[in-house]
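Residues per chain, in single letters:
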Amino acid sequence: MLGECPGGAMLMGRFVGILGFGMLLWGCGVERVGPSPANRCVPGATQDCTCTGSLARGVQVCQADGTFPACVCAMVTPDVPPTEDTARPDSSVPPVDTAVPPPDTAIPPPDTAVPPPDTAVPPPDTGIPPPDTGAPPPDVPPGGCLPTQTLDLLFVVDNSNSMRDNQAQLAAQFRTLLDPLVNPHVDPSLGRSRFPPIRDLHVGVISTDLGTPGSTIPSCANSDQGDDGLLNPIRNGQALRRHLPWTSAPPGVRPARCMNDPNQYPSFLAFDAARSDLTAFREDFVCNAFLSVGGCGLEQQLESVYRALVVHNPRALPGNTDPNAGFVRDNALLGILVVSDEDDGSVRDCRYTERDPRGRPLPCTDALSVYDTTSPAWASSDLNLRHYLQRPGSAQDPHWPLDRYLDPTEPRRGFTSLKPSHPDWVVFGAIAGVPLRTPARDGRTNWEALLGVAPDGSDGYTGMAPEGPESMRQANPDPACSQRVVPACRREGTTYSPTACDTTTQYFAWPSRRIAQVAQRFDARYGNGVLGSICANNYAQTLGQFAERIQGHICP
C-alpha cells in the first residue's frame, strides 16, 4: 500500500521491502514529541493540578526526565471495595486524509502538565464500578437467566487501512446476527422458537483508534487519544473526523439513508420491537458501523472497549452526562464483538491505570515509548513488530495485562465490572486473525490447540492451509517476509503466493492472540467466548454462534 508522507515523501506502510519501515517512518518526519524546557522540574517534586467534572483532586509528580505528567485525578468513590503496523497504512487503500496537515502538531504531548486543547481530559478509571450501579434489579437473584428481553451490543470495528472489505462484509451480514435475535426461528420439533426474542436493543460502535500518545505517527490522526472509545466515532471521534467514511467508501456499501453528516445519528442506536422498523434499523447500523479506513494502524482493540465501558461511564443513570451515557442498562445483557485483522496493541498509558478505593493510582509503568521510532527498548525496530516479537510479561511487552479486561477471580474489574453480580451476562466474541479452520473439540474452539499452553505462546497452532502457512504462535517471524510474522490466515479460497508480503497480492490477517485469549477466558469462566476468522468469505457462522450465546441467557 502506498501513501504520501508530509512534505511529499512516500510512506509504503508495512510492506516496504528491504528499506525497513522504521527508516521510512523516520524519513517521513515521524518524531518523538519531547518535553518543553519550560516544564522541567526537580524529579520527585509534586504540585497540585486542576481536575474537571466529577474529579475531586489532582496531583503531579515530577518524573525522572524532569517533566510533570498529565494531571492525575482521583474520582470520588467512597467506601467502594477494590476491585492492560507501525502506524502502518496496512492495505491497498491509501490514507484518505493525506491532504490534511500533519496531525496534532500543535498538540502538546501527554507528558506535559497541559491537557491537549482539542480533547477533554478523560476521567481516569478506578477499575471499580461506582456505588449502587452495575447490580441487577432487586428482584433478580444472583446467577441464572435474564428475565427481560433486553440487550446492549457493542461493536468494536478496526478502521485501519486493511479493513475496508471486512467492514463491508460485516455490513452485508449484520442481519445474520440481528434477525435471529429479534425474530428467532421456529423449531419445527417444538412448534415454537427455542429462544425468546430481544425486544429492546441498544447497538453502539467504537473504533480501535486510541492514537499513539507522545509520538506523531502517520495514519494516526489524533496522537493523544484517537477516538477515545467514544460511541459513534463518526460523530464524536477526534481522529475519525479527519477521515470521515463517505470520503473513501466504495460505491454501494453505504445505504441511501446514510447522509454525509457526522451528526446524523446519536451516540448509539435503539431498537424497540413494538415500534422500530427492522429494515431501517439494519441500514442505520451500516451507516454507523462502516467506518471505512484511515484509522490508526496501531490498533488498541481491548483498551478501546475498556475506554468505552470503564473509563467512560456508559450506564443509564439519572444525571449521567458522560458522552457514552445511557448505553448500558442494568437489566440488559451486554454483548461485545470485536472485528479486526490484527492483534490487540493496548499499550500501558498510566493516565488510565486502575485505582485503589481512595482514588490513588496503582503501580504502573508507562510503555508509550513503544511508539518512539528511536527507542531501543523494544523487541524490534519496526513499530508494528514490537507488538508481536516480544515475550508476554517481559520487559519488552508494552501491553496492559489481560486481567485488566477479564479477571476470572474478580468480576468487579474490566468488562464484567458493569455486571459484577452477573458477570455471566457479558458475552464476548471476535471475528479476528485466527485460522479459517480453527482447531475444535466437541463443536467448540479447542483453545489449547489454538493458543498453546506455554506462557510465551511458542507451542501455539501452526500448520499449512490451502491458502498458505498459518500460525498462532507468539514471536514467529515469517521467513518469506521480513516485516511480518507468519499470518494467522489468508483470504479464504485464494491461491498461496510464497512471495506475497502485502495484502494487495494476497490478503492476510495477523495472529490475534490477545483477543483470542480474552475470548478463551470468557469461554472457560462463563461459557461466553466466541471466535471466528476474519479471513472467511462469510461471517454468518460466527455471528450465529454469538447470537446463540446471547439467547442462551434469556429466560424462556
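Our structure is the block above this text.
Residues numbered from 1 in each chain as written. Predicted model: local features only at pLDDT ≥ 70, side-chain atom pairs only at ≥ 80, totals over all residues. Heavy atoms only, no water.

A few words now on the overall build of the protein. Broken down by element type, the protein carries nine helices and 23 strands. In the protein, which comprises 556 residues, the proportion classed as buried is 60%. If you sum the accessible surface of the protein, you get close to 21,000 Å²; carbon and sulfur atoms cover 54% of it. (Helix = DSSP H or I, 4+ residues; strand = E, 2+ residues; numbered from the N terminus. Buried < 20%, exposed > 50% of the residue type's maximum accessible area, 1.4 Å probe, protein only. Areas by Shrake-Rupley, 256 points an atom, 1.4 Å probe, with all protein chains shown as cover.)

Within the structure shown, the criterion is met by twelve aromatic pairs. Here the aromatic rings of Phe428 and Phe522 are separated by 5.5 Å at their centres, their planes lie at 10°, and the arrangement is stacked. Residue Phe428 is located in strand S14 (residues 426-432), and its partner Phe522 is located in helix H8 (residues 513-526); the two are separated by 94 residues in the primary sequence. For Phe428, a relative accessible area of 0% puts it in the buried group. Pairwise contacts between aromatic rings join Tyr306, Tyr405, Phe415, Phe428, Phe522 and Tyr526 into one cluster. Geometry around Tyr352 places Arg307 over its ring, the cationic atom sitting 3.9 Å from the centre. Between the NZ or CZ atom of Arg404 and the centre of the ring of Tyr306, over which it lies, the distance is 3.9 Å. (Phe/Tyr/Trp six-rings, centres within 6.5 Å; stacked < 30°, edge-to-face > 60°. Lys NZ or Arg CZ within 6 Å of the ring centre and 35° of its normal.)

Inspection of the entire model under this criterion finds six disulfides. A sulfur-sulfur distance of 2.1 Å marks the disulfide that ties Cys220 to Cys296. Residues Cys220 and Cys296 are joined by a disulfide whose S-S torsion is about 65°; by sign, that bridge is right-handed. Remark: Cys296 occurs in the loop between helix H5 (278-289) and helix H6 (301-311) and Cys220 occurs in the loop between strand S11 (215-216) and helix H4 (233-236); sequence separation between them is 76 residues. The exposure class of Cys296 is buried, given its relative accessible area of 0%. Cys481 shares a disulfide with Cys501; S-S distance 2.0 Å. Since a negative S-S torsion denotes a left-handed disulfide, the Cys481-Cys501 link at about -85° is left-handed. With Cys481 in strand S20 (residues 481-485) and Cys501 in the loop between strand S21 (489-490) and strand S22 (508-509), the pair connects residues that are 20 residues apart, well separated along the chain. Overall, Cys481 belongs to the buried group, its relative accessible area being 3%. (Disulfide = S-S within 2.5 Å.)

We now examine the environment of Leu151. Mapped onto the secondary structure, Leu151 falls in strand S7 (residues 150-157). A relative accessible area of 0% means that Leu151 is categorised as buried. Other than its neighbours up to four places away in sequence, Leu151 contacts Leu181, Ile198, Asp200, Leu201, His202, Arg329, Ala332, Leu333, Gly335 and Ile550. (Contact = heavy atoms within 4.5 Å.)

Even without glycine at this site, Ser292 takes up a positive phi of about 60°. Note that Ser292 resides in the loop between H5 and H6. The class for Ser292 is buried, based on a relative accessible area of 0%.

All right, on to the sheet that holds S14 then. One open sheet accounts for six strands, arranged S12-S10-S7-S13-S14-S23; its pairing is mixed. Because the sheet does not close on itself, it has two edges, and the strands there are strand S12 (269-272) and strand S23 (529-533). The average undirected angle you get between the axes of adjacent strands in this sheet is 15°. Along the sheet face, H5 touches S7, strand S10 (200-207) and S12 and points at about 165° away from the line of S12. (Pairing = 2+ DSSP bridges. Axes fitted to C-alpha atoms, helices over the stretch in contact; angles between N-to-C directions.)

Next up on the list: the nonpolar core. Residues Leu153, Phe155, Leu201, Phe285 and Ile534 are the most contacted members of the largest nonpolar core, which totals 52 residues. Sorting elements by how many residues they give to this core places H5 first, with five residues. (Core = buried A, V, L, I, M, F, W, Y, C linked by side-chain atoms within 4.5 Å.)

Now for the pairing of strand S13 (residues 333-339). The buried count for S13 comes to seven of seven residues, which makes it a mostly enclosed element. Side-chain alternation along S13 places Leu333, Gly335, Leu337 and Val339 on one buried face and Leu334, Ile336 and Val338 on a second face that is also buried. Bridge count between S13 and S14: six bridges; the pairing is parallel. Within the sheet, the bridge partner assigned to Leu337 lies in S14 and is Gly429.

In this section: helix H2 (residues 164-173). Looking at H2, one finds that the buried residues are Asn166, Gln167, Gln169, Leu170, Ala171 and Gln173. On its buried side, H2 packs onto S7, helix H3 (175-182), H5, S13 and helix H9 (540-551).

In this section: the side chain of Arg490. Within the fold, Arg490 resides in strand S21. It turns out Arg490 is buried and unbridged, and the closest side chain with the opposite charge, Asp478, is 4.4 Å from it. Residue contacts for Arg490: discarding those within four places in its chain leaves Leu436, Glu467, Gly468, Pro469, Glu470, Asp478, Arg484, Tyr496, Gln506, Tyr507, Phe508 and Cys535. (Lys, Arg positive; Asp, Glu negative; His and termini not counted. Salt bridge = Lys/Arg side-chain N within 4 Å of Asp/Glu carboxyl O.)

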